[in-house]
Amino acid sequence: MIDEIEQCRDAALAAVRGADSVDVLEQALGEHLGKRGPLASLKARLGTLATVDEKKAMGQRLNEAMAAVGAAADERRMALAAGERAQLLESERMDLTEHQREPRRGHAHLVTEAWERLEDVFVGLGFKIAEGPEIETDWYNFEALNMPPSHPARSMWDTLFVDHGAPGSTVLRTHTSPVQARVMTTQEPPIYVVAPGRVFRNETADATHMPVFHQIEGLVVDRGISFADLAGTIEAFTRAFFGPGFTSRLRPSFFPFTEPSAEFDIRRPDGSWLELGGCGMVHPNVLAACGIDPEEWSGFAFGFGIDRMAKEYHGVDDLREMYSNDIRFIEQF
Ligand code: FA5
């Protein structure tokens, strides 16, 4: 019977150790250690043994054999479970790293890029850069620009007022034109400046309008400046900024601070036109208000929308997209 016990034990151990999954292992255990298994039937035969000592000795051998199989099964179960878990983890592993491990180089905002290129183009044409504050007084934003209080032309700009000083005396500048007055009241002609900056209007955003946007102001004051100088400068700028396929035109318009005044449009290679800004000869009243003798000096000024130029340059459909901060949009440029 000892041989039989050892044979059954060895067969059970071989089945347990050879199991390649927890399921197979449990099945093998059921077969070898279960009630109908070979070790169980040996146990049933203990009763047939002749002496108590024999029964005891064989019973002990059987118990040892079953314990050995149980211990081998525990060991195998742990090893299989660890392997199966590792496999599961690997199959469910999610790659949460960015597509590229190296940080990618971004770029400045499209409007900032346009702003910087505009500065380069105008510096190349001999202009200097000027600046003014975003919060302005009524005098610089309107009055110095030939718009006394209650002048109807003030309604051309949907003004946002700042709660500071006398009511209505402080505004978020509605255009960069107040920088003209700031330059003319502090610098002697000849003056050749451009002033890029942020401006504010109480307007609803749409494809071509933002309540906060950017303009670049240009101002030239010198002896003998004529409308031809203005037209030539604008044409030179258009080709330098947009490329040789673009030209410009000036349409008669009205601004209180320039006379004559014009609207500046560019012609795209497909023949369509886009309004980019206003311009004109600096009004004698503006020169005089800023302490410059209009008999001696004349000048021209212009104010272009930078956001619209960036939009046009990059073929963007809607200004609002440039401010959405959507990475899928930004990555296209
Ligand atoms: C002006 O603001 C004048 N100061 C321009 C000027 C300067 C005329 C010097 C004469 C001499 P206007 O409101 O048209 O003009 O604005 C000029 C340009 O700014 C527009 O042609 C357009 O390109 C841009 N612009 C105007 N409103 C918006 C807006 N809400 N969002 C984006 N761009 C705008």
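Scope of this entry: the structure provided in the associated data block.

Check the secondary structure of the protein and you find 11 helices and 10 strands. In terms of overall size, the protein is more extended than a compact globule, its C-alpha atoms giving a radius of gyration of 44 Å where 333 residues would be expected to give roughly 20 Å. Taken along its principal axes, the extent of the C-alpha atoms in the protein is 140 × 50 × 30 Å. Counting all 333 residues of the protein, 42% fall into the buried class.

A separate point is unusual backbone geometry. For the bond running from P189 to P190, omega is 0°, close enough to zero to count as cis. Of note, P190 is situated in the loop between α7 (178-184) and β5 (191-200). A positive phi angle is found at N146, which is not glycine, with a value near 70°. Tracing the backbone shows N146 in the loop between α6 (138-141) and β3 (160-161).

Taken in spatial order, the 7 strands make up an open sheet running β1-β5-β6-β10-β9-β8-β7, and their pairing is mixed. Of all the strands in the sheet, just β1 (128-129) and β7 (247-255) have a single pairing partner and so form its edges. Where β5 meets strand β6 (residues 212-222), 10 bridges bridge the pair, whose relative direction is antiparallel. If you follow Y192 over to β6, its bridge partner there is V220.

In this section: the packing of helix α1 (residues 2-18) against helix α2 (residues 22-33). The interhelical angle for the contact between α1 and α2, taken along N-to-C directions, is 170°, at an axis separation of 9 Å. As far as their axial angle goes, α2 and α1 are roughly antiparallel. Across from A11, A12, A15 and V16 in α1, the residues of α2 making contact are L25, A28, L29 and H32. The residue inventory of the contact of α1 with α2, partitioned by class, reads 7 nonpolar, 1 polar and no charged.

Moving on, we come to the site of the ligand. Near the ligand there are 26 residues, and of these S177, E203, M210, E275 and L276 occur at the shortest range. One of the side-chain N or O atoms of Q215 is found 3.1 Å from an oxygen atom in the ligand. In the model, an oxygen atom of the ligand is placed 3.2 Å from a nitrogen or oxygen of the G277 main chain. A total of 680 Å² of accessible area belongs to the ligand in isolation, and the protein chains cover 95% of it. Listing elements by their share of the shell around the ligand, those giving two or more residues are β6, β9 (273-282) and β10 (298-305). Considering each element in turn, the shell around the ligand owes the most residues, 5 residues, to β9.

Our next topic: the environment of V179. With respect to the helices and strands, the residue V179 is situated in helix α7. Note on V179: relative accessible area 2%, which makes it buried. Once residues within four sequence positions are removed from consideration, V179 is found in contact with A130, E131, G132, R173 and A195.

Next up on the list: the packing of helix α5 (residues 110-124) against helix α8 (residues 227-242). Remark: α5 packs on α8, axes separated minimally by 10 Å, with the N-to-C direction vectors making an angle of 130°. In terms of orientation, α5 and α8 fall into the oblique class. Here α5 and α8 pass one another in a crossing that is right-handed. Listed contacts from α8 to A114, R117, L118, V121 and F122 of α5 are F237, A240 and F241.

Bringing the pattern of salt bridges into the picture now. The tally for this structure, following the rule as stated, stands at 16 salt bridges. Put simply, R77 and E26 hold a salt bridge, and the shortest N to O gap is 2.6 Å. Of the two residues, R77 is situated in helix α4 (residues 52-91) and E26 in helix α2; the sequence distance between them amounts to 51 residues. Overall, R77 belongs to the partly exposed group, its relative accessible area being 25%. Note that R93 and E90 form a salt bridge whose closest N and O atoms lie 3.7 Å from each other. Across this residue pair, the class does not change: R93 and E90 are exposed. Several salt bridges share partner residues, and in doing so they unite E26, D74 and R77 into one network.

Turning our eyes to something else, we now look at α1. Between its terminal C-alpha atoms α1 stretches 24 Å, which fits the 24 Å expected from 17 residues at 1.5 Å a residue. Within α1, the full set of buried residues consists of I5, C8, A12, L13 and V16. Projected down its long axis, α1 carries its buried residues within an arc of 135°, all on one side. The exposed set on the far side of α1, more than 90 degrees from its buried face, consists of D3, Q7, A14, R17 and G18. Contact partners of the buried residues in α1: α2, α3 (38-44) and α4.

Rules behind the numbers
- Residues numbered from 1 in each chain as written.
- Predicted model: local features only at pLDDT ≥ 70, side-chain atom pairs only at ≥ 80, totals over all residues.
- Heavy atoms only, no water.
- Helix = DSSP H or I, 4+ residues; strand = E, 2+ residues; numbered from the N terminus.
- Rg over C-alpha atoms; globule rule 2.2 N^0.38 Å.
- Buried < 20%, exposed > 50% of the residue type's maximum accessible area, 1.4 Å probe, protein only.
- Pairing = 2+ DSSP bridges.
- Axes fitted to C-alpha atoms, helices over the stretch in contact; angles between N-to-C directions.
- Parallel < 35°, antiparallel > 145°, perpendicular 65-115°, else oblique.
- Contact = heavy atoms within 4.5 Å.
- Nonpolar A, V, L, I, M, F, W, Y, C, P; charged D, E, K, R; others polar.
- Near = heavy atom within 4 Å.
- Polar contact = N/O pair within 3.5 Å; in protein donor to acceptor, adjacent residues only side chain to side chain.
- Areas by Shrake-Rupley, 256 points an atom, 1.4 Å probe, with all protein chains shown as cover.
- Left-handed = near helix turned anticlockwise from the far one by under 90°.
- Salt bridge = Lys/Arg side-chain N within 4 Å of Asp/Glu carboxyl O.
- Expected span 1.5 Å × (residues − 1).
- Arc of directions from axis to C-beta.

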